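Residues per chain are reported as follows:
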There are 2 protein chains.
Amino acid sequence: MISESLKQHKEQKSFGGKLGFYSHQSSACNSEMKFAVYQPPQALSQPVPVLYFLSGLTSTEENFMAKAGAQQFAAKYGLMLVAPDTSPRNTGIPGEDDDWDLGSGAGFYVDATAAPWNSHYRMYSYVVDELPNLIAENFPAIPEKQGIFGHSMGGHGALICALKNGSRYLSVSAFAPISAPMRCPWGQKAFANYLGSDQQLWRAWDASELVLEAQYNRPILIDCGTADSYLADGQLLPEVFAEACAKAGQPLTLRMQEGYDHSYYFIATFMEEHIRHHAAVLCG
Amino acid sequence: MISESLKQHKEQKSFGGKLGFYSHQSSACNSEMKFAVYQPPQALSQPVPVLYFLSGLTSTEENFMAKAGAQQFAAKYGLMLVAPDTSPRNTGIPGEDDDWDLGSGAGFYVDATAAPWNSHYRMYSYVVDELPNLIAENFPAIPEKQGIFGHSMGGHGALICALKNGSRYLSVSAFAPISAPMRCPWGQKAFANYLGSDQQLWRAWDASELVLEAQYNRPILIDCGTADSYLADGQLLPEVFAEACAKAGQPLTLRMQEGYDHSYYFIATFMEEHIRHHAAVLCG
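Values in this document were obtained by computation on a predicted structure and should not be read as measured data.

A word on the packing of helix α4 (residues 153-164) of chain A against helix α7 (residues 207-214) of chain A. All names here are of chain A. Interaxial distance between α4 and α7 falls to 10 Å at its minimum, and their mutual angle equals 20°. Looking at the two axes, α4 sits roughly parallel to α7. Handedness of the crossing formed by α4 with α7: left-handed. Seen from α4, the contacting residues are L159, I160, L163 and K164; seen from α7, they are A207, L210, V211 and A214. Its residues assigned to classes, the contact of α4 with α7 shows seven nonpolar, no polar and one charged.

Put into structure tokens, the structure is as follows:
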């Protein structure tokens, strides 16, 4: 049932289910895109809900599957996990590999409108439209039962995808998200390059702005480590998002986790609770 | 309480405990050696049993901690995890980095007797004597409560360490171990280089030979995937070890796990059961 444009590169058994690595020609990004899918054992006999994970800067479709320890809980609750790469790659855009926080590995989950990035960097449309369609066509998914979470840049991505599409994402959570990208150096660099200099246009891609009018309503879960050096550097700004949620009446559980850093060791520690947050809605 | 010769390079919180990465000048290996230690939350208030993990070819002290998903169960049962690097590195031995299955990343957990390797490649003494002493001096360990496990080359290492020192390792298990190194290409290459051409001398480093006279008696647990390509290549030979155990009356649970390969996805799937195997003895 795998469509012809979809290439499977590897398949490995994991916690009774199947972990596969795929590539395909993406129309949203006008380039090859890669992603990983974990199908829990339950998917052998019936369609299952789908939980998307968006990774942080420099990651590929593999980091989450190798290090986050999520498969055991996806298997326990019967969730499919889908993790896309963090950007198009090898597009030929000049300088795409020059910076670790722009271009390759740093798509920021927006639809670029500024040249030269707008020819390929349309990760928002890829994640929200193209990839879910591809998943629905090729895997035993229940398309109307979707959740999304992510880490750092991918936490930002998860929040904006959910806030802009409340009816498509029934649950959302984030680990150490870039919570107010317009106000932090990473976000400002990415938005200036991908979206141009008019900061009014940036607001549509900033969770702390979007939440003011989103009326998402369902509870959002965020964990962030107090020893996260990017928190200290002002890149994450979860307090800005919390304030915006309070103003908008958006239910938020923001937990500052004592002594944890920005790494996958932090993510793995709280993975079960995040999966449970999603399963409570998606598998109910 | 960390001794002066021990350098801590990183410390990260994980499942309520502490994961640290260390280096020190090893007398056994006459070189710098690296290792990782996970201290579970229980170690903050009392000494805890120690479980050593020996990694496979090409691994460092980090792979196990990043990918095996062991910390959550070490935290649950109150076990310290110690994972050494798989060989000395940068020793200056000509050709040490030329092959992925000999020299750097491929110490094979023997004490080399043949030149030039015998000047540094003494991983057996390092793992069995020097490292446990270092751990006892610098961490809240109960030195008389030790277990050991490992993967592939490290599964071989765990088996020979336990079989040669039944009183020091109260529990042992292995994932896809090289079970009869004298009879497989990896083992033959390593032993010929590290131990010389007299195959009679190899028997002291081969689990399937050692078990015939070891009288270890306590139960050994081994998992091996049926889709493991190294099993098909005749590198692992668990059936040879099983036959030797049967002959010697050594209790063995060998589980051929349908569809699993040689990767950390396989290891992670059965990690909880292995930790439970050790905890039943060490934490009883």
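Our focus in this paragraph is the pattern of salt bridges. All names here are of chain A. The tally for this structure, following the rule as stated, stands at 22 salt bridges over all chains. E209 serves as the salt-bridge partner of R183, at 4.0 Å between the closest nitrogen and oxygen. Of this pair, R183 sits in the loop between β7 (171-175) and α5 (185-195) while E209 sits in helix α7, placing them 26 residues apart in sequence. A relative accessible area of 17% means that E209 is categorised as buried. Put simply, D223 and R255 hold a salt bridge, and the shortest N to O gap is 2.7 Å.

On the side of chain B, 23 residues touch chain A, which itself brings 23 residues to the contact. In this assembly, chain A packs against chain B so that about 1,800 Å² is buried in total across both faces, 51% of it on carbon and sulfur atoms. When the buried surface of chain A facing chain B is broken down by residue, K13(A), F15(A) and Y265(A) rank first, second and third, together holding 41% of it. Applying the counting criterion to the chain A and chain B interface returns zero salt bridges.

Once that is clear, we can look at the sheet that holds strand β3 (residues 31-39) of chain A. Residues and elements named next belong to chain A. In spatial order, the strands read β1-β2-β3-β5-β4-β6-β7-β8-β9; together these nine strands make up an open sheet with mixed pairing. The strands lining the two open edges of the sheet, one partner per strand, are β1 (7-14) and β9 (252-257). With direction set aside, neighbouring strand axes in the sheet form an average angle of 20°. Packed on one face of the sheet, helix α9 (residues 238-248) meets β8 (220-225) and β9 and runs near 155° to β9.

Space inside the largest pocket adds up to approximately 490 Å³. Lining the largest pocket are 22 residues, and of these K67(B), H151(B), H262(B), S263(B) and Y264(B) lie nearest its centre. Only β1 of chain A together with α1 (63-67), α7 (229-232) and α9 (264-282) of chain B provide two or more residues apiece to the lining of the largest pocket. The residue makeup of the lining of the largest pocket, split by class, is eight nonpolar, ten polar and four charged. The computed volume of the second largest pocket comes to approximately 390 Å³. Every element with two or more residues in the lining of the second largest pocket is listed here: α1 (63-67), α2 (71-77) and α10 (264-282) of chain A together with β1 (7-14), α1, α2 (71-77) and α9 of chain B.

This part takes up the side chain of Q12(B). Looking at the secondary structure, you find Q12(B) in strand β1. Side chain to side chain, Q12(B) and D261(A) meet in a polar contact 2.8 Å long. Excluding residues that lie within four positions of it along the chain, Q12(B) makes contacts with D261(A), S263(A), Y265(A), G17(B), K18(B), L19(B) and F21(B).

Overlaying chain A with chain B gives an RMSD of 0.0 Å, the required rotation being 180° about an axis along which the chain moves by 0.0 Å. Given the turn and translation reported, the copies of this chain are related as if by a two-fold rotation axis. It is K67(A) whose C-alpha, among those of chain A, lies nearest the rotation axis, at 2.5 Å. When the interface residues of chain A are mapped onto chain B, 100% of them again lie at the interface, so the same face is used by both copies.

This next bit is on helix α4 (residues 153-164) of chain B. Helical geometry: 3.6 residues make up each α-helical turn, so side chains three or four residues apart lie on a common side. All names here are of chain B. Over its twelve residues, α4 extends 17 Å from the first C-alpha to the last, a length consistent with the 16 Å expected when each residue adds 1.5 Å. With respect to burial, α4 is a largely interior element, eleven of its twelve residues being buried. M153, G154, G155, H156, G157, A158, L159, I160, C161, A162 and L163 are the residues of α4 that are buried.

Here we take up the environment of G154(A). Residue and element names in this part refer to chain A. Its location among the elements puts G154 in helix α4. In the structure, G154 is positioned 40 residues away from A114 in sequence and 21 Å away in space, judged by C-alpha atoms. Among all residues touching G154, those that are not within four sequence positions of it are L54, S55, G56, Y109 and F149.

Residue and element names in this part refer to chain A. The buried count for β3 comes to seven of nine residues, which makes it a mostly enclosed element. Hairpin connection of strand β2 (residues 17-26) to β3: four residues between the antiparallel strands, including N30 at a positive phi of 50°. With four bridges connecting them, β3 and strand β5 (residues 80-84) associate as antiparallel partners. Its bridge partner lying in β5, A36 is registered against A83.

Strand pairing within a sheet occurs via backbone hydrogen bonds; the two strands may be parallel or antiparallel. Residues and elements named next belong to chain B. If you walk across this open sheet you meet the nine strands as β1-β2-β3-β5-β4-β6-β7-β8-β9, and the pairing is mixed. For this open sheet the edge positions go to β1 and β9 (252-257), each flanked by a neighbour on one side alone. Going across the sheet, the axis of each strand differs from the next one's by a mean of 20°, ignoring polarity. Two strands pair when backbone bridges link them, and strand β4 (residues 48-54) and strand β5 (residues 80-84) are joined in this way by three bridges, in the parallel orientation. Bridge pairing links V50 to M80 in β5. Against the sheet, α9 touches β4, β5, β6 (141-151), β7 (171-175), β8 (220-225) and β9, its axis set at about 170° to β7.

Residues and elements named next belong to chain B. Counted under the stated rule, the structure contains 36 aromatic pairs over all chains. With 5.2 Å between their ring centres and 80° between their planes, Y22 and F139 make a pair best called edge-to-face. With a gap of 117 residues between them, Y22 in strand β2 (residues 17-26) and F139 in the loop between α3 (123-138) and β6 connect regions that are remote in the sequence. Under the relative-accessibility criterion, F139 is labelled buried at 2%. Geometrically, the ring pair formed by F108 and F191 is edge-to-face, given 6.4 Å between the ring centres and 75° between the ring planes. Here F108 is found in the loop between β5 and α3, whereas its partner F191 is found in helix α5 (residues 185-195), with 83 residues between them in sequence.

So, how was this worked out
Residues numbered from 1 in each chain as written. Chains lettered and ligands numbered in written order. Predicted model: local features only at pLDDT ≥ 70, side-chain atom pairs only at ≥ 80, totals over all residues. Heavy atoms only, no water. Axes fitted to C-alpha atoms, helices over the stretch in contact; angles between N-to-C directions. Helix = DSSP H or I, 4+ residues; strand = E, 2+ residues; numbered from the N terminus. Parallel < 35°, antiparallel > 145°, perpendicular 65-115°, else oblique. Left-handed = near helix turned anticlockwise from the far one by under 90°. Contact = heavy atoms within 4.5 Å. Nonpolar A, V, L, I, M, F, W, Y, C, P; charged D, E, K, R; others polar. Salt bridge = Lys/Arg side-chain N within 4 Å of Asp/Glu carboxyl O. Buried < 20%, exposed > 50% of the residue type's maximum accessible area, 1.4 Å probe, protein only. Buried area = accessible area lost by both parts, 1.4 Å probe. Pairing = 2+ DSSP bridges. 1 Å grid on protein atoms, 1.4 Å probe; cavity = no way out; pocket = protein on both sides within 12 Å on 5 of 7 lines; lining within 4 Å. Points joined across faces, edges and corners; volume = space filled by probe spheres on them. Polar contact = N/O pair within 3.5 Å; in protein donor to acceptor, adjacent residues only side chain to side chain. Least-squares fit on C-alpha atoms with pLDDT ≥ 70 in both. Expected span 1.5 Å × (residues − 1). Phe/Tyr/Trp six-rings, centres within 6.5 Å; stacked < 30°, edge-to-face > 60°.

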